[in-house]
Every structure is written in C-alpha cells, then in structure tokens.
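Tertiary structure, described
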Amino acid sequence: MARRRKRRIKQVKRVRKPSRYFQCPRCGAMTLTVDFKKLDSANEKLAIARCGTCHLYCELRVPITLDKVDVYNKISDLAYENRLDECSRPTSEEDSEGEEEGSEEGEEE
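A short tour of the structure in this document, coming up. (Residues numbered from 1 in each chain as written. Predicted model: local features only at pLDDT ≥ 70, side-chain atom pairs only at ≥ 80, totals over all residues. Heavy atoms only, no water.)

**A few points about the overall build of the chain**
Per the secondary structure count, the chain includes two helices and four strands. Considering only intrachain contacts with a sequence separation of at least 6, the fraction spanning at least 24 residues in the chain is 31%. With an accessible surface of roughly 9,900 Å², the chain has 45% of that area assigned to carbon and sulfur atoms. (Helix = DSSP H or I, 4+ residues; strand = E, 2+ residues; numbered from the N terminus. Contact = heavy atoms within 4.5 Å. Areas by Shrake-Rupley, 256 points an atom, 1.4 Å probe, with all protein chains shown as cover.)

**Some words on the packing of aromatic side chains**
Tallied over the entire structure, the rule returns one aromatic pair. Ring centres 4.8 Å apart and planes at 15° place the aromatic pair F22 and Y72 in the stacked group. Of the two residues, F22 is situated in strand 1 (residues 21-22) and Y72 in helix 1 (residues 68-80); the sequence distance between them amounts to 50 residues. Across the ring face of Y21, the terminal group of R20 is positioned such that the distance to the ring centre comes to 5.9 Å. Cation over ring: K45 sits above F36, and NZ or CZ is 3.9 Å from the ring centre. (Phe/Tyr/Trp six-rings, centres within 6.5 Å; stacked < 30°, edge-to-face > 60°. Lys NZ or Arg CZ within 6 Å of the ring centre and 35° of its normal.)

**Quick look at the pattern of salt bridges**
For side chains of opposite charge, pairing can occur when their charged atoms come near one another. Per the counting criterion, the structure on display carries three salt bridges. Residues D35 and R20 are paired through a salt bridge, measuring 3.7 Å at the closest nitrogen-oxygen approach. Taken together, the positions of D35 in strand 2 (residues 32-38) and R20 in the segment before strand 1 put the pair 15 residues apart, joining distant regions of the chain. Across the pair E81 and R83 runs a salt bridge whose closest N-O atoms are separated by 3.1 Å. Taking the relative accessible area as the measure of exposure, R83 reaches 36% and is therefore partly exposed. (Salt bridge = Lys/Arg side-chain N within 4 Å of Asp/Glu carboxyl O. Buried < 20%, exposed > 50% of the residue type's maximum accessible area, 1.4 Å probe, protein only.)

Right under this line is the structure:
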C-alpha cells in the first residue's frame, strides 16, 4: 500500500531592513540617526545627522541618489579627518548674541 504524501511547509524568508541607528564617530554609541529634508534644488537634498548621546549635529547637502548609509560614511570620513566642524549647525543670531554677552561678562571679572 502507498503512503500519504506529507505536506511541505514553506519557509518565509524575511527581508531585513537596515537599522535606523548608526554608531556615532565621536562618542561610539549606537544613537546616530540620519534624516533628510527636501531642498528647492532638483538634484540635492539636506542630510541631517544627530547623535542622542553626545549631541553631535551635522548638516550636509548631498545628491538625491545617496542613502542613509552613504551619508553616514561621509560623516565618519569627516570625523576621522578631524573635519566635523565643517558640517556643524550654523549658529543663529540669538545664539551668537547670548554667547557674546556671556563672554563680555567673563572678561570684565
């Protein structure tokens, strides 16, 4: 007599998404995030990288074709060349006025 054939169970392969968090080149914690903002330019976008631990902030204009991993690699290259100051947040007028007043008071003492 013939046996019944067993049903084969199909295994579902899950596609892993890349992580949202990267290792910060300054402090080494896994809290660096990269976000994008649209610009008026048709072929550029603004990449913003922030670290939740050491508060690293970096803005870069990058081509539209670059992804989060590519921007992270650019930031880590800048960090290893000690050029992270080039992509730091531009100071606003209010921040610069507050720092100037504080530095003047310190000079008078």
